[in-house]
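Each chain, letter by letter, is given below.
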Amino acid sequence: MTTSSNLVYLIALPLVSSAILLLLGRIADKWGHLLATLVSASTFVIAAIEFFAMRQRTGDARAVTQDLFTWISVGSFNVHASLLLDQLSICFVLLISGVGTLIHIYSIAYMSHDHDRRRFFAYLNLFVAAMLLLVLGDSYLNLYVGWEGVGLASYLLIGFWNQKPAYAVAAKKAFVANRVGDIGLSLAIMIAFAQFGTVSFTGVAAGVPHASTAALTGLGAMLLLAAAGKSAQFPLQSWLGDAMAGPTPVSALIHAATMVTAGVYLITRSHFVFDASPTAQTMVLIVGGVTLLFGALVGTAKDDIKKALAASTMSQIGYMILATGLGPVGYAFAIMHLLTHGFFKAGMFLGAGSVMHGMNDEVNMRRYGAIGKVMPITAVTFGLGYLAIIGVPPFAGFYSKDKIIETAFNAGGTKGILVGGAALLGAAITAFYMTRVIVLTFTGTKRWDDEAHPHESPSLMWIPMVILAIGSVASGFLFNSGRALVNWLAPVVNAAGVHSEKEFLPATTISLMALGVVAVGVAIAITKYRTVPVEAPAGNILTKIVRRDLLQDDFNDRVLVRPGQALTRFFVGMDNSFIDGIVRGVGGVIALTSTNLRRIQNGYVRSYALIMVVGVLALLTTIWMVTL
Amino acid sequence: MLIAPQLSYSLLAPILIVLGGALLGVLVEAVMKKGSRAAIQTAIALGTLVLSFAFLWKIHGQSSKTAAVNSVSIDGVGIFLQGTILILSFIAVLFIADTDNFAAQASAVPGSEDERASVLAGKQQTEIFPLTLFAVSGMLLFPIASDLITLFVALEVLSLPLYLMAGLSRRRRLLSQEAALKYFLLGAFSSAFFLFGAAFLYGYSGSMSLDGIASAISANSSNDVFLLIGIAFLSVGLLFKIGAVPFHSWTPDVYQGAPTPITGFMAACTKIAAMGATLRIFYVAFGQAEWQWKPIILVIAILTMVVGGIAAIAQRDVKRMLAFSSIAHAGFLLAAVLALNTDGLKGALFYLATYGFTTLGAFGIITLVRDSSGEVTDLNRWVGLGKKSPLAASIFTLFLLSFAGIPLTSGFIAKFSLFTGAYESGNTVVVVVGVLTSAITAFFYLRVVVMLFFTDPKNDSVSVVIPSFMTRAAIAVCALVTIVLGVAPSLLLDTAQTFATFIR
């Protein structure tokens, strides 16, 4: 372990900047966005310096810690506010600060017409600070602070245009769904404290071998619940689509590249819990598998470009969660997919934003068409992201997704076939719905109104898109060459020396299978969307179900919301009639007694004297009885 | 041969100085011209109290002593309470100095031609100042008296001036005189019980001193009827003064009828003196017989809290409401008698001091709320005062919150330390009832706050007059003490801890 005193700046700089922008108010309108971008860029510089310094060191010395202060000290329970930067967290820190900075730059142009741009950048900085704290905390409790912080930033940014009631509702929905997950995290912290007496990662890891299986499964399940809430995984996935109400840069940064991947970070960070509890690991696999198919299916029916991308995000994170459920071999691939996804999905979201920017904020893809001709840079960068996500070699997604499919099949037995099959099927559907997005948006005939004048976005917007596109092209190859990322992460996720005993199928075969199903998906999409009606056709019952997000909201409404409301009404009724009745009864009795007591106070000295005499007699009687 | 008794004048000096000041005041009333009397009387009263406090300060460090042939005990509790009484009396005199509250000529028949003539002539008698000082001297003696005769003398010295003072209100004079007469009659009644009890105790122990009674009790463990009747009757006299149920009936009528500054003075200083004497008697003299008297004090404490708390709810007059509130507080204080330990004693000392400041301040505010015919004490007419006079209403709210025992006011710390002492000594019942009653009392205090701030003012001529400098200073000090001792209670709590000892 190495100690450093620089880590705190990663969090302090954006936090202070956010506070300045919020507190100064309109005074900072002129330069607020510049300060925020500068601060975000400097966090990236610090992260880069730390990264290269880390590469110079070897072995255990690579991890860096910084102890800030004693936060809680109660009896035997001690929590230090300490930061930990190891091989795992540096990946996240670089992603957050790097992509974060690009999106800051993009937002300068994207939000230039919004008179609340300063507040937007303040929230972005707040998000960066909270997210960095989340990945830098050295204990579950420190992580929890960041976890809640990103939740708050996400809530504020989804509802950034809360003058529209629907957007405010979307923000609230995200917040509530996240609360469910947050309860999981707080319960996990409590279980960890009850079981191990500590909440630090190292402390819990050291205690795991001595803990009971039941406790570990409980802990794992609660961590998984937390991850499901934050990463929009089944069954807490419903909020992500609505979260697209936020400005598009937010969707790119928070709801695609970084915050929604916090669940993957949490599970990877807690690998010792899941490694020791096969039950919890299986739950992770199921959640990941279900979500990846769920998201992919939802993505096939979305006409709103951002919602299609959101469904895709859900599905891709499903891949990552699935990979973390595969044990030590899977963690590195989960992180690899997370990083490549960070590039290509953020890039595509920015592309979508660029299209919307040129199309008067139109999001319905049925009203796009042939935009590639008028917005060539956007089309090319988006296209590179598309090739990456469907997994065409040598683009980034190919390496990361292929590895996950391969590892899934290698899990062995029925489990391997089921999980691998789901991953493969997901790849086919991904190819279908992403091709659909491309076809509807960039090719074909123009279907937009005459009022729309699509044009290429300004350079402040397309430069970040180009940089992200380069990442979508090259990052997978870089991570995979010489197993660079796997070896880099091996000390953290305990994967050293782990090899699957037998391969289900040769790696090449699996790659070819994957490419085959991708080709099928692409072909179907191209054939089906040769002509695109401006109004969506009615479709059969299945289409309708998929359009309604596989009835996720109907399910939540029927199963959770309405019974919940009925229960609330019942309790309110109880409160009004029964509990308030008691309270009013007590109050009434006291008031009545009071009125009667007032009557005794009649103002006559003779009565008062009589009361005194009665009192004296009572005293004497009492004494007489006591001493009897 | 007759040996002159050793009086230890230096230890008695605080009391003697106040008596001297009172006599000087009588002379001034007789000799000086009318126009300058009020100012001179105020100066004499304030100067006397300061001088007395200075002498008290001189002896406060001395180890516990007795003086005047063992008839008074100068010990920690005594000195603490004397100091408190002196400071609070000083503040009370600041309120009393606003002579507008008092009858121009007390001897004139209410509503008569004489009265109107004296008012028109601008006459203002100032006998209130020497009367106050006489009462203060009795109050100083009451909590340190350590034999029954001295106790009775002190009781009468403090009571007689108060009977008169209660009748000196300038407005609503009939009500005021009625209150004075009631107070006098019932006070005499209770004094008779006190004397009767003293006689029984002498009959039991053959001694008038508290010490002698205590040794008689420990020497003879049987349940002597004389002792029990003596305890019961003596208690009646004391419980009357502190306003405990069922000897409380005079309180609301007298508090309402008396001039408001005098009500404040009585509520704060009389309660401290009487409570001090009660604590001394039960701790020093009856401590060994606790199993005989604890049940009755317990019942009285509970009755006092409950009746005071509940009866206050139905009151529509702010002075009557505070009267019942003071009855409830007397009940809380009786928990310290039951506690019989240092913590309880410390709690009681702190409670008495902070309660005194808060009470004086609250009654001080009441003197300011007036219409064209004088003070307005009808709560219904206080509605919306917070909008007209936010400062006065806020300060009054502060005092009410302190009465209710809300944290960050001195009242909270006082209740907390008092109940802690009682709880630790095993008096769980009284603590539970006390806390529940506190909740009831909080209701009517907060109702006043709601009336002040959250109800629209009626079109009514009630307003807060601009107070004189002395009144302002006095209210400011009371408010400051209420806050400071709520935020930093250790300033006084530590002192109370050091002083919480009786000598036997």
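Next up on the list: the overall build of chain A. Scanning chain A from N- to C-terminus turns up 25 helices and three strands. Surface exposure of chain A reaches about 25400 Å², of which carbon and sulfur atoms provide 68%.

Next up on the list: the overall build of chain B. Helix and strand counts for chain B stand at 20 helices and five strands. In chain B, the proportion of contacts linking residues at least 24 apart, taken out of those at least 6 apart, comes to 82%. Within the structure as shown, chain B displays about 17800 Å² of accessible surface, and the carbon and sulfur contribution to it stands at 68%.

Let us now look at the pairing of strand 2 (residues 64-74) of chain A. All names here are of chain A. In this structure, strand 1 (residues 2-3) lies alongside strand 2, joined through two bridges in parallel fashion. Among the inter-strand pairings, Thr-2 is bridged to a residue of strand 2, identified as Val-64. Bridging between strand 2 and strand 3 (residues 77-85) involves nine bridges; their strand directions are antiparallel. When the sheet's bridge partners are listed, Val-64 is paired in strand 3 with Leu-85.

Taken together, the contact between chain B and chain A spans 35 residues of the former and 22 residues of the latter. For the pair chain B and chain A, the summed buried surface comes to about 2500 Å²; carbon and sulfur atoms form 81% of the total. When the buried area of chain B at its contact with chain A is split by residue, B:Ser249, B:Ile296 and B:Ile310 rank highest and sum to 19% of it. Counting across the chain B and chain A interface gives zero salt bridges. Between chain B and chain A we count seven residue pairs in polar contact (both at pLDDT 80 or more) in total. Of all the secondary-structure elements, those providing two or more residues to the side of chain B that touches chain A are helix 7 (173-205), helix 9 (225-242), helix 10 (250-257), helix 12 (290-313) and helix 13 (318-339) of chain B. Among the elements that make up the side of chain B that touches chain A, the one with the highest residue count is helix 12 of chain B (nine residues). Taken together, the residues that form the side of chain B that touches chain A break down as 25 nonpolar, six polar and four charged.

Let us now look at the sheet that holds strand 1 of chain A. Residue and element names in this part refer to chain A. Strand order in the open sheet formed by three strands is 1-2-3, and the pairing between neighbours is mixed. At either end of the open sheet lies a strand with only one pairing partner, and these are strand 1 and strand 3. Strands in contact with helix 1 (residues 7-24) are strand 2 and strand 3; relative to strand 2, the strand with the most contacts, it is inclined by about 70°. Contacts between helix 5 (residues 140-158) and the sheet are confined to strand 2 and strand 3, with strand 3 contributing the most and set at about 65° to the helix.

Next up on the list: helix 24 (residues 552-600) of chain A. Taking 1.5 Å per residue, 49 residues should reach 72 Å; helix 24 of chain A reaches 68 Å between its end C-alpha atoms and fits that length. Every buried residue belonging to helix 24 of chain A is among A:Gln552, A:Asp554, A:Asn556, A:Ile590 and A:Ser594, and all of these are buried.

Most of strand 3 of chain A is tucked away: seven of the nine residues are buried. In this antiparallel pair of consecutive strands, strand 2 of chain A and strand 3 of chain A, the connection spans two residues, and A:Gly75 shows a positive phi of 55°.

A few words now on the packing of helix 3 (residues 87-110) of chain A against helix 20 (residues 459-480) of chain A. All names here are of chain A. Packing of helix 3 against helix 20 leaves a shortest axis separation of 7 Å and a crossing angle of 155°. Between helix 3 and helix 20, the interaxial angle falls into the category roughly antiparallel. As helix 3 runs across helix 20, the sense of the crossing is left-handed. Side by side, helix 3 and helix 20 meet where Val-99, Leu-102, Ile-105, Tyr-106, Ile-108, Ala-109 and Tyr-110 of the first sit next to Leu-460, Met-461, Pro-464, Met-465, Ile-467 and Leu-468 of the second.

Bringing the nonpolar core into the picture now. Membership of the largest hydrophobic core comes to 194 residues, with the highest contact counts inside it found for B:Phe142, B:Phe286, B:Trp293, B:Trp382 and B:Phe396. With near-sequence residues (within four places) excluded, B:Trp293 lies in contact with B:Ile231, B:Phe282, B:Phe286, B:Val337, B:Leu338 and B:Leu340. Counting residues in hydrophobic clusters, the runner-up holds 181 residues, among them A:Ala28, A:Ala323, A:Ala346 and A:Val518.

Let us now look at the sheet that holds strand 5 (residues 463-464) of chain B. Residues and elements named next belong to chain B. What the three strands build is an open sheet, ordered 4-3-5; its pairing is antiparallel. A single partner strand is all that each edge strand has here, and the edge strands are strand 4 (374-375) and strand 5. The pairing of strand 3 (residues 369-371) with strand 5 spans two bridges and is classified as antiparallel. Note that in strand 5 the partner of Arg-370 across the bridge is Ser-463.

What follows deals with the packing of aromatic side chains. If you walk through the whole model with that rule in mind, you get 42 aromatic pairs over all chains. Ring centres of A:Phe120 and A:Phe121 lie 5.8 Å apart, and the angle between their planes is 85°; this geometry places the pair in the edge-to-face category. As far as burial versus exposure is concerned, A:Phe120 and A:Phe121 are alike and both buried. Look at B:Phe444 and B:Tyr445: their rings are 4.7 Å apart centre to centre, the planes differ by 55°, and that puts the pair in the tilted class. With a relative accessible area of 0%, B:Tyr445 lands in the buried category. Grouped by ring-pair contacts, the aromatic residues B:Tyr163, B:Tyr183, B:Phe184, B:Phe240, B:Trp250, B:Tyr255 and B:Phe363 constitute a single cluster. Sitting above the plane of the A:Tyr604 ring, A:Arg606 keeps its charged end 4.2 Å from the centroid. A cation sits over an aromatic face here: B:Lys294 above B:Trp291, 6.0 Å from the ring centre.

Attention now moves to the pattern of salt bridges. Residues and elements named next belong to chain A. Enumeration over the complete set of coordinates arrives at 23 salt bridges over all chains. Note that Asp-29 is salt-bridged to Arg-118, the shortest N-O span being 2.8 Å. Separated by 89 residues along the polypeptide, Asp-29 in the loop between helix 1 and helix 2 (32-56) and Arg-118 in helix 4 (residues 117-136) bring together distant segments of the chain. With a closest N to O distance of 2.9 Å, Asp-303 and Arg-366 form a salt bridge. Taken together, the residues Asp-303 in the loop between helix 13 (278-300) and helix 14 (305-324) and Arg-366 in the loop between helix 15 (328-358) and helix 16 (371-374) connect sequence positions 63 residues apart. By the burial criterion, Asp-303 is buried, and Arg-366 matches it. When salt bridges with common partners are traced through the structure, they connect Arg-26, Asp-29, Asp-116, Arg-118 and Arg-119 into a single cluster.

Our next topic: a nonpolar patch on the surface. A cluster of nonpolar side chains, A:Leu567, A:Phe570, A:Phe571, A:Met574, A:Phe578, A:Ile579, A:Ile582, A:Val583 and A:Val586, forms an exposed patch at the surface whose accessible area comes to about 870 Å². Of note, A:Phe570 is situated in helix 24.

All names here are of chain B. You can see Phe-403 is positioned in helix 16 (residues 390-404). In this structure the C-alpha to C-alpha distance between Phe-403 and Ser-326, which are 77 residues apart in sequence, comes to 9.2 Å. Apart from the residues within four sequence positions on either side, Phe-403 is in contact with Leu-322, His-329, Tyr-355, Thr-358, Thr-359, Ala-362, Lys-415 and Tyr-445.

Residue and element names in this part refer to chain B. In the contact formed by helix 12 and helix 13, the axes pass within 7 Å of each other and the chain directions differ by 155°. Judged on the interaxial angle alone, helix 13 and helix 12 are roughly antiparallel. Judged by the sense of rotation from one axis to the other, the crossing of helix 12 with helix 13 is left-handed. Two secondary-structure elements touch here, helix 12 through Trp-293, Lys-294, Ile-297, Leu-298, Ile-300, Ala-301, Thr-304, Met-305, Gly-308, Gly-309, Ala-311 and Ala-312 and helix 13 through Met-321, Phe-324, Ser-325, Ile-327, Ala-328, Ala-330, Gly-331, Phe-332, Leu-334, Val-337 and Leu-338. Grouping the amino acids of the contact of helix 12 with helix 13 by side-chain chemistry returns 17 nonpolar, five polar and one charged.

Time to look at the confidence of the model for chain B. Residue and element names in this part refer to chain B. When pLDDT is averaged across chain B, the result is 90; 98% of the residues are at 70 or more. Of all secondary-structure elements in chain B, the lowest mean pLDDT belongs to strand 1 (residues 65-67), at 79, while helix 5 (residues 128-141) reaches the highest, 95. As scored by the predictor, the complex reaches a pTM of 0.65 and an ipTM of 0.88.

We now examine helix 10 of chain B. For helix 10 of chain B, a buried count of eight out of eight residues is recorded, marking the element as mostly surrounded by other parts of the structure. Within helix 10 of chain B the residues assigned to the buried category are B:Trp250, B:Thr251, B:Pro252, B:Asp253, B:Val254, B:Tyr255, B:Gln256 and B:Gly257.

Residue and element names in this part refer to chain B. With respect to the helices and strands, Pro-143 occurs in the loop between helix 5 and helix 6 (148-166). Take Pro-143: its relative accessible area is 1%, and that puts it in the buried class. With 133 residues separating them in the primary sequence, Pro-143 and Gly-276 have C-alpha atoms 4.6 Å apart. Pro-143 has contacts with Leu-81, Ile-85, Ala-273, Gly-276, Ala-277 and Arg-280, leaving out every residue within four places of it along the chain.

With that settled, the discussion passes to the environment of B:Phe454. Looking at the element boundaries, B:Phe454 is found in the loop between helix 18 (428-453) and strand 5. B:Phe454 sits 70 residues away from B:Gly384 along the chain, and the two C-alpha atoms are 6.9 Å apart.

Conventions we followed
- Residue numbers restart at each chain and count upward from 1, following the sequence in its written direction.
- Whichever chain is written first is A, and whichever ligand is written first is 1; the rest continue in order.
- Local features are withheld for residues below a pLDDT of 70 in this predicted model, meaning they are given only at 70 or higher, and side-chain atom pairs are given and counted only at 80 or more; totals for whole chains, interfaces and linings count all residues.
- To get the side-chain values, all heavy atoms of the structure are used, and hydrogens and water are removed first.
- Per the convention used, a helix needs a DSSP run of H or I reaching at least four residues, while a strand needs a run of E reaching at least two, with both numbered from the N terminus.
- Here the accessible surface of atoms and residues is derived via Shrake-Rupley with a 1.4 Å probe, and residues count as covered only by protein chains that are part of the display.
- It only takes one pair of heavy atoms within 4.5 Å for two residues to be counted as in contact.
- One requirement defines pairing of two strands: DSSP has to find at least two bridges between them.
- A simple way to read buried area is as the amount of 1.4 Å-probe accessible surface that goes missing from two parts once joined, with both sides added.
- Here, a salt bridge means any Lys or Arg side-chain nitrogen found within 4 Å of an Asp or Glu carboxyl oxygen.
- The definition of a polar contact used here is a pair of N or O atoms within 3.5 Å, where within protein one atom must be able to donate a hydrogen and the other to accept one, and adjacent residues in sequence count solely through side-chain atom pairs.
- Under the grouping applied here, Gly and all other residues not named as nonpolar or charged are polar, the nonpolar ones being Ala, Val, Leu, Ile, Met, Phe, Trp, Tyr, Cys and Pro and the charged ones Asp, Glu, Lys and Arg.
- Between N-to-C directions, angles cover 0 to 180 degrees, with each direction set by a line fitted to C-alpha atoms, over the stretch in contact for helices.
- Every helix has an expected span of 1.5 Å times one less than the residues it contains.
- Buried means the residue's accessible area, taken with a 1.4 Å probe over protein chains only, is under 20% of the maximum for its type, while exposed means over 50%, and partly exposed covers the values in between.
- Note on terminology: angles under 35 degrees are roughly parallel, angles over 145 are roughly antiparallel, angles of 65 to 115 are roughly perpendicular, and the others are oblique.
- Each crossing gets its handedness from the near helix: less than a right angle anticlockwise from the far helix is left-handed, clockwise is right-handed.
- Only buried residues count toward a nonpolar core. Its members are Ala, Val, Leu, Ile, Met, Phe, Trp, Tyr and Cys residues joined through side-chain atoms within 4.5 Å.
- Centres within 6.5 Å are what make two rings of Phe, Tyr or Trp a pair, Trp counting through its six-membered ring; a difference in plane orientation under 30 degrees is then read as stacked, over 60 as edge-to-face, and the rest as tilted.
- Think of it as a cone above the ring: NZ of Lys or CZ of Arg counts as a charge over the ring if it is within 6 Å of the ring centre and within 35 degrees of the ring normal.
- Residues enter patches when they are more than 30% accessible in relative terms and free of salt bridges; like-charged ones are connected within 9 Å and nonpolar ones (Val, Leu, Ile, Met, Phe, Trp, Tyr) within 5 Å.
- pLDDT is defined as a per-residue confidence score from the predictor, taking values between 0 and 100.

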